[in-house]
Amino acid sequence: MERLTRKKHIYPVTACLLSAAFFGALGSSFIYGYNLSVVNAPALYIKAFYNKTWIERYGEPIAAETATLLWSITVSIFAIGGLLGALSVSSIIRVLGRKGTLLLNNSFAIIAALLLSLGEKAKSFEMLIIGRFIIGVDSGIALSVLPMYLGEITPRHIRGSIGQFNSILICLGVFTGQVLGLPELLGQESRWNYLFSFLALPATLQLCVLPFLPESPRYLLMERRNEAGAERAFQRFLGKKDVSQELEEVHAEARAQDNLHSASVLQLLKTPAVRWQLITIIITMACYQLCGLNAIWYYTNGILREAGFAENILPYITLSTGAIETLAAIISGLVIERIGRKPLLIFGFSAMAVFFSLLTVFLNFQDSVSWMPYLSYICILAVIASFCSGPGGIPFVLTGELFEQSYRPAAFMIAGTVNWLSNFAVGLLFPFIQKLQSFAFLVFVVVCILGSIYLYLVLPETKNKTFIDISQSFSKINKIPVSSPGHEMELVLSIKPDMNGKVKHVAKMESSF
């Protein structure tokens, strides 16, 4: 058999790939991040609207307990919607594919924007609650489908960097919600409903661009058996005409799998070959929510007040948290292919444990030392930067990388379920954790340390590896026999029928996927 010298071809990032990453994340991750922060600025105005509507309906002010209940439902129903969205992903994606599901998801965002922005005019606080639920569904679907799509359309040498568009746009969404919520912009009693109207803009932009971009070539080839469509998609994403090696690698992955159809959640749970991948994703995604970042937002304004900052300038100072988030996520995206996923995750969780410990010390001395609140605020910024350097985005990248094609939808469904259940658990448990006062952060120190230890012991590095290579990295811990390296790839890359049906040998080259 004729052999040629193996060459590694690194192709430049194409406009098509960047457009798919940016506009895909703009109509998905950005909306999720925006909804994390957008309700903070108009909270008092929304509560006043609830009271005014109650008086008009029933002729008396709303009881304090009822007002608290309605506001709690308004905030927490977002996570319930997210859970429902995550649970529905596997079924929707099987019918519509990756791109089709993202496009459908925009309808949820636009409907939610209409309900949330028109609720005041309709004198219906129920519209706001339903709108928050629907935008939660949108976010639950988006956080599962987008990382899957980005992981499947991207060459492996930049898969982490493109995957971090998810995290970057989440942070940018949070920051945009903070900026638009300023009193000079939309954070006023007469304008707060426009904060929710803004949700329709990123969804509309995605609807205008994404239909003209290709579907995931892996989905087209392995699940739809559409080789011609997969070839065209590869050509556009990679910016080259000859994509035979990429197609052959996907064929090799297909041959290596027992089942080419999407596995159910039950099948995934029963499969020994992916047991530790699944455990790793569950632990990483739980740590993503339980590491304490949500608790930081509760303490930020209090620490700034202790430092002597006037109440009216607090919104402008807290903008620094959103800016630090976005900057750290961008830096993470730039260095992830040099440093790797595993080091960034371990560094992020470990650094959070260190700064949470320091914050606990500083908070205990805050009343006795005048400049201590400034150190506390620096620690808060450091915790946020540490989170966004790795733990804030890499769990979504890993979920796409640790599983082969047939298991991926079910894996994202489980990861999304863990994510939203953990988010809901934080909301339930946080009032009890608050009773520990400044020592509350020690709970999160334990979570971060345990997460770091697990990742150090179990997680292999996935940087620049094919999906088959990553699966084989878990073979030993899963106690599954390892086939000879690249055996299935050999079968596909070395033997290929010619036009007359005869078998001929083809040269071996390293694929970019």
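Residues numbered from 1 in each chain as written. Predicted model: local features only at pLDDT ≥ 70, side-chain atom pairs only at ≥ 80, totals over all residues. Heavy atoms only, no water.

Looking at an unreviewed UniProt entry, one finds the protein chain named Major facilitator superfamily (MFS) profile domain-containing protein, with Dicentrarchus labrax as its source organism. Of the comments in the UniProt record for the protein chain, the one headed Subcellular location (unreviewed entry) reads "Membrane". (UniProt positions renumbered as here; feature names shortened; annotations may be inferred.)

A separate point is the overall build of the protein chain. Helix and strand counts for the protein chain stand at 24 helices and two strands. The 513 residues of the protein chain split such that 56% are buried. In the protein chain, once contacts between residues fewer than 6 apart in sequence are set aside, the share between residues at least 24 apart is 82%. Accessible area for the protein chain stands at about 21800 Å²; split by element, carbon and sulfur atoms hold 66% of it. (Helix = DSSP H or I, 4+ residues; strand = E, 2+ residues; numbered from the N terminus. Buried < 20%, exposed > 50% of the residue type's maximum accessible area, 1.4 Å probe, protein only. Contact = heavy atoms within 4.5 Å. Areas by Shrake-Rupley, 256 points an atom, 1.4 Å probe, with all protein chains shown as cover.)

A separate point is the state of the cysteines. A full pass over the atoms with the stated rule returns zero disulfides. Cys-291 provides the cysteine sulfur closest to Cys-448, a residue in no disulfide bond, and the two sulfurs are 5.2 Å apart. (Disulfide = S-S within 2.5 Å.)

Turning to the packing of aromatic side chains, a few remarks are in order. With the rule as written, the count across this model stands at 18 aromatic pairs. Each ring, one from Tyr-32 and one from Phe-78, has its centre 6.2 Å from the other, and the planes form 15°; the classification is stacked. Remark: Phe-78 occurs in helix H4 (residues 64–118) and Tyr-32 occurs in helix H2 (residues 29–37); sequence separation between them is 46 residues. Overall, the relative accessible area of 3% leaves Tyr-32 in the buried class. Arranged with centres 5.3 Å apart and planes meeting at 15°, the rings of Phe-356 and Phe-441 form a pair that is stacked. Here Phe-356, found in helix H17 (residues 341–364), pairs with Phe-441, found in helix H21 (residues 441–458); they are 85 residues apart in sequence, far enough to count as distant. The pair formed by Phe-356 and Phe-441 is uniform in burial state, with each residue classed as buried. An aromatic cluster is built from Phe-49, Tyr-50, Trp-54, Tyr-58, Phe-125, Trp-192 and Phe-196, whose rings are joined through pairwise contacts. For Arg-57, the ring lying beneath its charged end belongs to Phe-125, and the centroid distance is 4.7 Å. (Phe/Tyr/Trp six-rings, centres within 6.5 Å; stacked < 30°, edge-to-face > 60°. Lys NZ or Arg CZ within 6 Å of the ring centre and 35° of its normal.)

Turning our attention to the nonpolar core. Counting residues in each nonpolar core, the largest one holds 140 residues, and the members touching the most others are Leu-268 and Phe-403. Leaving out residues up to four positions away in the same chain, Phe-403 has contacts with Leu-268, Val-274, Gln-277, Leu-278, Ile-281, Arg-408, Ala-411 and Phe-467. (Core = buried A, V, L, I, M, F, W, Y, C linked by side-chain atoms within 4.5 Å.)

On to the pattern of salt bridges. Within this structure, the stated rule accounts for 11 salt bridges. Among the salt bridges present, the one from Arg-156 reaches Glu-249, with a minimum N-O distance of 3.6 Å. Of this pair, Arg-156 sits in the loop between helix H5 (125–153) and helix H6 (159–163) while Glu-249 is found in helix H12 (residues 244–256), placing the two residues 93 residues apart along the sequence. (Salt bridge = Lys/Arg side-chain N within 4 Å of Asp/Glu carboxyl O.)

Let us now look at empty space enclosed by the protein. Taken as a whole and assessed by the stated rule, the structure comprises five cavities of 30 Å³ or more. Put simply, the largest cavity is a space of about 70 Å³. If you list the elements that add at least two residues to the lining of the largest cavity, you get H5, H6 and helix H19 (394–401). Looking at which element gives the most residues to the lining of the largest cavity, the answer is H19, with four residues. Looking at side-chain class alone, the lining of the largest cavity contains four nonpolar, three polar and two charged residues. (1 Å grid on protein atoms, 1.4 Å probe; cavity = no way out; pocket = protein on both sides within 12 Å on 5 of 7 lines; lining within 4 Å. Points joined across faces, edges and corners; volume = space filled by probe spheres on them. Nonpolar A, V, L, I, M, F, W, Y, C, P; charged D, E, K, R; others polar.)

Bringing the side chain of Ser-471 into the picture now. Among the structural elements, Ser-471 can be located in helix H22 (residues 467–473). Given the relative accessible area of 15%, Ser-471 is considered buried. Those residues in contact with Ser-471 that sit more than four places away from it in its chain are Gln-277, Leu-402 and Glu-404.

Next up on the list: the packing of H4 against helix H20 (residues 408–434). In contact at an axis separation of 8 Å, H4 and H20 are set at 175° when each is read in the N-to-C sense. The angle between H4 and H20 falls in the class roughly antiparallel. Residues Ser-76, Phe-78, Ala-79, Ile-80, Gly-82, Leu-83, Ala-86, Leu-87, Ser-90, Ile-93 and Arg-98 of H4 pack against Pro-409, Ala-410, Met-413, Gly-416, Thr-417, Trp-420, Leu-421, Asn-423 and Phe-424 of H20. For the contact of H4 with H20, the per-class residue count stands at 13 nonpolar, six polar and one charged. (Axes fitted to C-alpha atoms, helices over the stretch in contact; angles between N-to-C directions. Parallel < 35°, antiparallel > 145°, perpendicular 65-115°, else oblique.)

Further remarks concern the side chain of Thr-399. In this structure, Thr-399 sits in helix H19. Thr-399 sits in the buried class, given a relative accessible area of 0%. For Thr-399, the residues in contact, after removing those within four places along its chain, are Ile-281, Met-285, Ala-411, Phe-412 and Ala-415.

Before going further, it helps to spend a moment on a nonpolar patch on the surface. There is a patch of nonpolar side chains on the surface, built from Val-446, Ile-449, Leu-450, Ile-453, Tyr-456 and Leu-457 and spanning about 640 Å² of accessible area. Along the chain, Leu-457 falls in helix H21. Given the relative accessible area of 65%, Leu-457 is considered exposed. (Patch = residues over 30% accessible without salt bridge, like charges linked within 9 Å, V, L, I, M, F, W, Y side chains within 5 Å.)

Turning to the packing of H4 against helix H9 (residues 200–209), a few remarks are in order. Two elements in contact, H4 and H9, have axes whose closest approach is 9 Å; the angle formed by their N-to-C orientations is 155°. If you check the angle between H4 and H9, you find them roughly antiparallel. In this structure, H4 crosses over H9, and the sense of that crossing is left-handed. Across the interface between the two elements, Leu-102, Leu-103, Asn-106, Ala-109, Ile-110 and Ala-113 from H4 touch Ala-200, Ala-203, Thr-204, Gln-206 and Leu-207 from H9. Grouping the amino acids of the contact of H4 with H9 by side-chain chemistry returns eight nonpolar, three polar and no charged. (Left-handed = near helix turned anticlockwise from the far one by under 90°.)

In this fold, Thr-101 is placed in helix H4. Residue Thr-101 is classed as buried on the basis of its relative accessible area of 1%. Thr-101 sits 40 residues away from Ile-141 along the chain, and the two C-alpha atoms are 8.2 Å apart. Beyond its immediate sequence surroundings of up to four residues, Thr-101 is in contact with Ile-92, Ile-93, Leu-96, Ile-141 and Val-145.

Moving on, we get to the confidence of the model for the protein chain. Scored by pLDDT, the protein chain comes out at a mean of 86, with 90% of its residues at no less than 70. Considering only residues more than four positions removed or in separate chains, one finds that residues 1–8, a stretch of pLDDT under 50, has 11 contacts. Note that residues 484–510 has pLDDT below 50 and, in this model, 46 contacts with residues that lie over four places away or in other chains. (pLDDT = per-residue confidence, 0-100.)

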